[in-house]
Amino acid sequence: TASQAAEKRGWHLYLVGGAVRDLLLAEATAGTLMITDIDLVVDGFHKSADVGAGVELAKALQEMYPAARLEIHGAFQTAALLWHKDPDLDSLWVDIATARTEFYPYPAANPEVEASSIRQDLYRRDFTINALALRLTPPRAGELLDFFGGLLDLKAKQIRVLHANSFIEDPTRIYRGVRFAVRLGFAIEPRTEEYIRYAINSGVYDRTAQTNTKTPALQTRLKTELKHILEAPYWRSALQLLDDLGALQCIHPTLKLDSELTRQLRLLERCLRRFDPQQNLIHWQMRLEAIIAHLAPTHRGKVAKNLQLQEDSIKHLQNLATAKTEIIGSLLKYQHHSQVVKLLRNYDLEILILIALQSQQKIRRQIWNYLTVLTNIQPILNGNDLKKLGYKPSPQYKQMLDDLLAGTLDGDITNQREAEEFLA
Ligand code: ATP
């Protein structure tokens, strides 16, 4: 329907980006394919007013499919249609953009120029395998446009960048390249790796890692890429590859995936398996917090803010050093479970996990014991029991329940009779 609507207006319509890559890969491996994101580009129009072609096409489609929600992003002249039939089903996103022709100097009626504007649009993209387009409108519907050797790279299983300056222009492409390489089981083509190393050695991370940066959009995109990587099943290999390339410097110049951080991340996985699903921990966020927590205390808060992490994460990382000193100092002194509970219940689960990861075994065990055993212990009597025993509801209730809990935790109260005696 979209191609008919485009054709009717005298435009060309192309499927571009990840969907073309994934279609060709699925065809090559005879695998099944689930596409939830479709990127379309409209091109080949004859007058400048058509710069809003993508938006116009999206509006026309929305009229035909009223169930779709329409979003228009004016500044980039792009529109998106979103189908979200059932919350349990995957949704379908269709992004429709107008080929970027604004820098092209020749009259747009020339057929060569029509092809060139889609070429130019594809040339702005990150890797050859992401710069393929499938023509959807006749004549030659179904034709693959491959200006940069993307098909060969798909066959050779390699990630190749389109131009030498690409990573300097946009350092988040380093993270995207690593993500595609690990996800698809591709190699980073040697010249592309050289460009990555060159970009990193020339200090490209200054733009991403430094504070007071004037490029917040870059930071946000870096966070989005980190999220994609850290929530994927292949996150360990991706992190390793980022480290091998020196690309963790984009987060902070001193960040390294050393054996200590590797150990902590392994411990974290055990811990996430244990606490989920009751605690609703956000796994990728916990992994990122653990990575940032590996930096010197003075850098943590700044890095978290630069990446525009959530307020909670920023707070955990800013307070980690102080909390750690306080908790370790106290735990080493404490003799009773009740003291441990009284102290640790003041802290978020996330911060306790971060401290446990960084601590020696004795402290770590105390924190685990608190999180897995002690927090689940309830006082032998509850508020209702107190009422039944004839205690009138009062502000002292809380203190009484706290004392009962302390007695239970420390083993001084083991049954109801001992609890009643304790209160008396
Ligand atoms: P995925 O399957 O992970 O969604 P995708 O290729 O669809 O992969 P998107 O992030 O949805 O990735 O981007 C869509 C397309 O936009 C890419 O295929 C690529 O052509 C282009 N693109 C996205 N980000 C960049 C970037 N930082 N630089 C250049 N091109 C980009």
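Preceding block: the structure.
Everything numeric in this text was worked out from a predicted model, so none of it was measured. (Residues numbered from 1 in each chain as written. Predicted model: local features only at pLDDT ≥ 70, side-chain atom pairs only at ≥ 80, totals over all residues. Heavy atoms only, no water.)

Trainee: Let's hear about the site of the ligand: which residues, and what values?
Mentor: For the ligand, the set of nearby residues contains 14 residues, the closest of which are Arg21, Asp170, Arg173, Arg179 and Arg183. Contacts to the ligand include Arg173, whose side-chain N or O atom sits 2.8 Å from a nitrogen atom. At 2.9 Å from an oxygen atom of the ligand is found a side-chain nitrogen or oxygen belonging to Arg179. Expressed as a share of its isolated accessible area of 590 Å², the protein-covered part of the ligand is 74%. (Near = heavy atom within 4 Å. Polar contact = N/O pair within 3.5 Å; in protein donor to acceptor, adjacent residues only side chain to side chain. Areas by Shrake-Rupley, 256 points an atom, 1.4 Å probe, with all protein chains shown as cover.)

Trainee: Before we move on, can you summarise the pattern of salt bridges with the specific residues and values?
Mentor: Under the definition given, this model contains 20 salt bridges. Among the salt bridges present, the one from Arg9 reaches Glu56, with a minimum N-O distance of 2.9 Å. Taken together, the residues Arg9 in the loop between helix 1 (2-8) and strand 1 (12-16) and Glu56 in helix 3 (residues 53-64) connect sequence positions 47 residues apart. Assessed through its relative accessible area of 28%, Arg9 is described here as partly exposed. The salt bridge partner of Arg124 is Asp121, with a shortest N-O separation of 3.1 Å. Note on Asp121: relative accessible area 1%, which makes it buried. (Salt bridge = Lys/Arg side-chain N within 4 Å of Asp/Glu carboxyl O. Helix = DSSP H or I, 4+ residues; strand = E, 2+ residues; numbered from the N terminus. Buried < 20%, exposed > 50% of the residue type's maximum accessible area, 1.4 Å probe, protein only.)

Trainee: Account for the packing of aromatic side chains, with residues named and values stated.
Mentor: According to the stated counting rule, one finds 5 aromatic pairs in the structure shown. The interplanar angle of 35° and the centroid separation of 5.6 Å between the aromatic rings of Tyr123 and Phe148 together place this pair among those described as tilted. Note that Tyr123 is positioned in helix 4 (residues 111-123) and Phe148 in the loop between strand 7 (144-145) and helix 5 (150-156), a separation of 25 residues in sequence. Owing to a relative accessible area of 37%, Tyr123 belongs among the partly exposed residues under this scheme. (Phe/Tyr/Trp six-rings, centres within 6.5 Å; stacked < 30°, edge-to-face > 60°.)

Trainee: Give a detailed account of unusual backbone geometry, specifying residues and quantitative values.
Mentor: When glycine is set aside, most residues are seen to have a negative phi, and most peptide bonds are trans. Between Pro138 and Pro139 the backbone carries a cis peptide bond, its omega angle lying at -5°. Tracing the backbone shows Pro139 in the loop between strand 6 (133-135) and strand 7. The phi angle at Arg140 is positive, at roughly 65°, despite the residue not being glycine. Structurally, Arg140 can be placed in the loop between strand 6 and strand 7. According to the relative accessible area criterion, Arg140 is exposed, its value standing at 51%. For Gln308, which is not glycine, the phi dihedral falls at a positive 55°.

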